[in-house]
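Architecture and fold: a report
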Amino acid sequence: MTMTTPLWEVFIRPRNGLAHKHVGSLHAADEVMALQAARDVYTRRGEGNSIWVVPSAAITASDPDQAAENFEPTADKIYRHPTFYEIPDDVGHM
Amino acid sequence: MYSQGLIGADNRTEETPEFLARFQKRIDAEEKIEPKDEMPEGYRRTLVRQIGQHAHSEIVGMLPEGNWITRAPSLRRKAALLAKVQDEGGHGLYLYSAAETLGVSREEMTEELLSGKAKYSSIFNYPTLSWADMGTIGWLVDGAAIMNQIPLCRCSFGPYARAMIRVCKEESFHQRQGYEIVMTLAQGTPAQKAMAQDSLNRWWWPSLMMFGPHDADSQHSDQSMAWKIKRFTNDELRQKFIDATVPQAEFLGLTIPDPDLKWNEEKGGYDHGPIDWDEFWRVVKGHGPMAKDRIKARKKAWDDGAWVREAALAHAEKRRARKIAAE
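A brief look at the structure comes next. (Residues numbered from 1 in each chain as written. Chains lettered and ligands numbered in written order. Predicted model: local features only at pLDDT ≥ 70, side-chain atom pairs only at ≥ 80, totals over all residues. Heavy atoms only, no water.)

The next subject is the overall build of chain B. The number of helices and strands found in chain B is 13 helices and 2 strands. When its C-alpha atoms are laid out on the principal axes, chain B stretches across 70 × 55 × 35 Å. For chain B, the residues scored as buried account for 52% of the 327 residues in total. Here the analysis covers contacts within chain B between residues at least 6 apart in sequence; of these, 80% occur between residues at least 24 apart. Here chain B has roughly 15100 Å² of accessible surface; of this, 57% comes from carbon and sulfur atoms. Distance from the positive charge centre (45 side chains) to the negative charge centre (47 side chains) of chain B: 6 Å. (Helix = DSSP H or I, 4+ residues; strand = E, 2+ residues; numbered from the N terminus. Buried < 20%, exposed > 50% of the residue type's maximum accessible area, 1.4 Å probe, protein only. Contact = heavy atoms within 4.5 Å. Areas by Shrake-Rupley, 256 points an atom, 1.4 Å probe, with all protein chains shown as cover. Lys, Arg positive; Asp, Glu negative; His and termini not counted. Charge placed at Lys NZ, Arg CZ, Asp CG, Glu CD.)

Printed below as a string of structure tokens:
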């Protein structure tokens, strides 16, 4: 089998003022070709004005098996939300 | 463009009943499954196969239309056809990426396509004999693809659903440009109208076959429906397609080549004549008129491109080494 071409994750900013958002991935030999391919594959209809490409291997992801211990504790901390606190209507908008 | 009703998926799975019940509960709650989540092996295998077939269909689907780019009758038509074929290349890439999240490599999928192990939609094994076929393919083949793909936007596997949303957004132009081509011919000279009718005659039945075998003969459908990979059965989608397409043909003054086609008031849809399933299975098994040429073309592209892939990697390696040396 031939050598494998590295995988890149592609992020696009739709317009100034918005964050770059993950749109997909692609294979390319290096970052220059990855950017060119990202332009062709992911911006054929004015989807954005800026592209980031990141080697997929450089991403460290949280483990889905630990999702419960990572994220569930926040569910019972309702006092972190403004609606937890009772403010009389007379006080007005707060 | 699109993959036909999945052929030959093996969705056997060997997990414990508890595991499968837990997974099914997530599916029933309409939760999306993401690549690193636990999933039954049969679910993974079905998706690798289906997304792979779908991706291959997009890539092979560039060939019948590529055949006419240089002979498009005007600059407007040529620009549209080029853009459509480029989209199909893009759709193939979105889909390969979605399949790769399940642990299969691009190289493995390419090898399976070239060796004939992996299938692609049989529709692309028919020849494109006239310019009218560019219109009919957009109208019928992309039309059938859209019917199939819209429910896939709600597929339970996240990366596939996301890829399908992008594909569907782009696909609508494909069908409209195709219909416009057929309409121009249908409203043109008698010879042009005859060309449009001939094209419809050749593509109608293969388009109906794109939805795959009848539900009664589609062995793996039930499991795919339960896992919400699939949302409608082959026959349901085929019926939707026929009901949407017949009035479009009537508008053009063209005749659908099915003497048994008639409106059924009771079911609120059209009844159609028998589909030639022998032809369908012949083409699926690789005896379609263009099957050998399609794989030959893909193999040539892969082999002729080998030096480019190798040179690009060698160049990247050289740049990396220089950068390290300079530090």
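Each side of the interface is counted separately: chain A has 24 residues, and chain B has 23 residues. The contact between chain A and chain B buries some 2000 Å² in all, and 54% of this surface belongs to carbon and sulfur atoms. Summed over the shared surface of chain A and chain B, the result is 7 salt bridges. Between Asp 30 of chain A and Arg 319 of chain B there is a salt bridge, with its nearest N and O atoms 3.1 Å apart. On the surface where chain A and chain B come into contact, there are 9 residue pairs in polar contact (both at pLDDT 80 or more). Top contributing element to the side of chain A that touches chain B by residue count: helix H1 (residues 31–42) of chain A, with 6 residues. (Buried area = accessible area lost by both parts, 1.4 Å probe. Salt bridge = Lys/Arg side-chain N within 4 Å of Asp/Glu carboxyl O. Polar contact = N/O pair within 3.5 Å; in protein donor to acceptor, adjacent residues only side chain to side chain.)

Residue and element names in this part refer to chain A. In terms of burial, strand E1 (residues 7–13) is a largely internal element, 5 of the 7 residues being buried. Sheet topology places E1 next to strand E2 (residues 21–27); 6 bridges connect them, and they run antiparallel. Directly across from Phe 11, in E2, lies its bridge partner His 22. Pairing of E1 with strand E3 (residues 50–55), which is carried by 6 bridges, proceeds in the antiparallel orientation. By the bridge assignment for E3, Trp 8 is matched with Pro 55. (Pairing = 2+ DSSP bridges.)

What follows concerns unusual backbone geometry. Residue and element names in this part refer to chain B. For Glu 30, which is not glycine, the phi torsion reads 60 degrees and is therefore positive. Here Glu 30 shows up in the loop between helix H1 (17–28) and helix H2 (41–60). Unlike most non-glycine residues, Lys 228 shows phi in positive territory, near 55 degrees.

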